[in-house]
Amino acid sequence: MTGRCSIVRKSAGLLRSLCSAPTASCSALRVTPGQVSPRLAVPEHVERPPYANTGSVPRSGPNRIIIHDAKSIGRMRDSCKMAVEAREFALSLAKPGVTTDEIDRRTHEFIVQKNAYPSPLNYMGFPKSVCTSRNEVICHGIPGPFPRLR
């Protein structure tokens, strides 16, 4: 197995890569930066969460407990229903040949057409409206132009 990388395996709760050669010569294990397309705009009339402009998430604490009234609970129910619709829409786009960037763009459009803000967008600086992974990748990532789903 000299100079060749083997499959990544789970060991003791951690992902470890097996390689008989030094990591530098084991190119399959190198992580390289991908291309990130520009952030998509949200129309001005759409209500924004506190982190939308800065990417900073306000700290909450014991003094910020909110008791919701029936109107507020109804708005949360509506938000949850729309989240399910957006998830189902994004899933319907996941087909061979489609990039995660296209799924992000079209899902972003779907959400803002409903006068809503895509919650991942700029949350702690996240640059996209959906968090995606492709094929058998087990961790979520930033949508990009390639590679395409298979």
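First, a word on scope: everything that follows refers to the structure included in this document. This structure is a prediction, so every number in the text was calculated from the model and none was measured.

## A closer look at the overall build of the protein chain
Within the protein chain, the secondary structure is distributed over two helices and two strands. For the protein chain, the N- to C-terminal ordering of α and β elements is β-β-α-α. By the burial criterion, 24% of the 150 residues in the protein chain qualify as buried. In the protein chain, 52% of the contacts between residues at least 6 apart in sequence involve partners at least 24 apart. Of the accessible surface of the protein chain, which amounts to about 11,000 Å², a share of 56% is contributed by carbon and sulfur atoms.

## Considering the packing of aromatic side chains
Within the structure shown, the criterion is met by three aromatic pairs. Pairing Tyr51 with Tyr117 gives two aromatic rings, centres 6.3 Å apart and planes at 75°, and the pair type is edge-to-face. Placement of the pair is Tyr51 in the loop between strand 2 (14–19) and helix 1 (70–93) and Tyr117 in the segment after helix 2 (100–113), with a sequence separation of 66 residues. A residue is classified by how much of its surface remains accessible, and Tyr51, at 10% relative accessible area, is buried. Aromatic ring contacts, followed pair by pair, group Tyr51, Tyr117 and Tyr123 into a single cluster.

## Points about the pattern of salt bridges
The tally for this structure, following the rule as stated, stands at six salt bridges. The residue Glu102 makes a salt bridge to Arg106 at a minimum N-O spacing of 3.9 Å. Of this pair, Glu102 and Arg106 both sit in helix 2, separated by four residues, roughly a single helical turn. Residue Glu102 is classed as partly exposed on the basis of its relative accessible area, which comes to 27%.

## Some details on helix 1
Spanning 24 residues, helix 1 covers 35 Å between terminal C-alpha atoms, matching the ideal 34 Å at 1.5 Å per step. Of all the residues in helix 1, the buried ones are Ala86, Ala90 and Leu93.

## Observations concerning helix 2
Because each turn of an α-helix spans 3.6 residues, side chains separated by three or four positions end up pointing in the same direction. Taking 1.5 Å of rise per residue, 14 residues should cover 20 Å, and helix 2 covers 20 Å from first to last C-alpha, within 8% of that figure. Turning to helix 2, its buried residues are Thr100, Asp101, Ile103, Asp104, Thr107, His108, Phe110, Ile111 and Val112. Where the residues of helix 2 are buried, they touch helix 1. Looking one or two places after helix 2, you find Asn115, whose phi comes out positive at around 60°.

## Concerning a nonpolar patch on the surface
A cluster of nonpolar side chains, contributed by Val57, Tyr123 and Met124, occupies part of the molecular surface with about 300 Å² of accessible area. Looking at where Tyr123 falls in the secondary structure, it is placed in the segment after helix 2. Overall, Tyr123 belongs to the partly exposed group, its relative accessible area being 39%.

## What to know about unusual backbone geometry
Leaving glycine out, the prevailing phi sign among residues is negative, and the prevailing peptide bond configuration is trans. Of note, the phi angle at Asn115 is positive, near 60°, even though the residue is not glycine. With respect to the helices and strands, Asn115 occurs in the segment after helix 2.

## Structural notes on the nonpolar core
Counting residues in hydrophobic clusters, the biggest one holds seven residues: Val42, Val46, Tyr51, Ala52, Val112, Tyr117 and Leu121. Those residues in contact with Val42 that lie beyond four places of it in its chain are Arg48, His108, Val112, Tyr117, Pro118 and Leu121.

Conventions adopted
Residues numbered from 1 in each chain as written. Predicted model: local features only at pLDDT ≥ 70, side-chain atom pairs only at ≥ 80, totals over all residues. Heavy atoms only, no water. Helix = DSSP H or I, 4+ residues; strand = E, 2+ residues; numbered from the N terminus. Buried < 20%, exposed > 50% of the residue type's maximum accessible area, 1.4 Å probe, protein only. Contact = heavy atoms within 4.5 Å. Areas by Shrake-Rupley, 256 points an atom, 1.4 Å probe, with all protein chains shown as cover. Phe/Tyr/Trp six-rings, centres within 6.5 Å; stacked < 30°, edge-to-face > 60°. Salt bridge = Lys/Arg side-chain N within 4 Å of Asp/Glu carboxyl O. Expected span 1.5 Å × (residues − 1). Patch = residues over 30% accessible without salt bridge, like charges linked within 9 Å, V, L, I, M, F, W, Y side chains within 5 Å. Core = buried A, V, L, I, M, F, W, Y, C linked by side-chain atoms within 4.5 Å.

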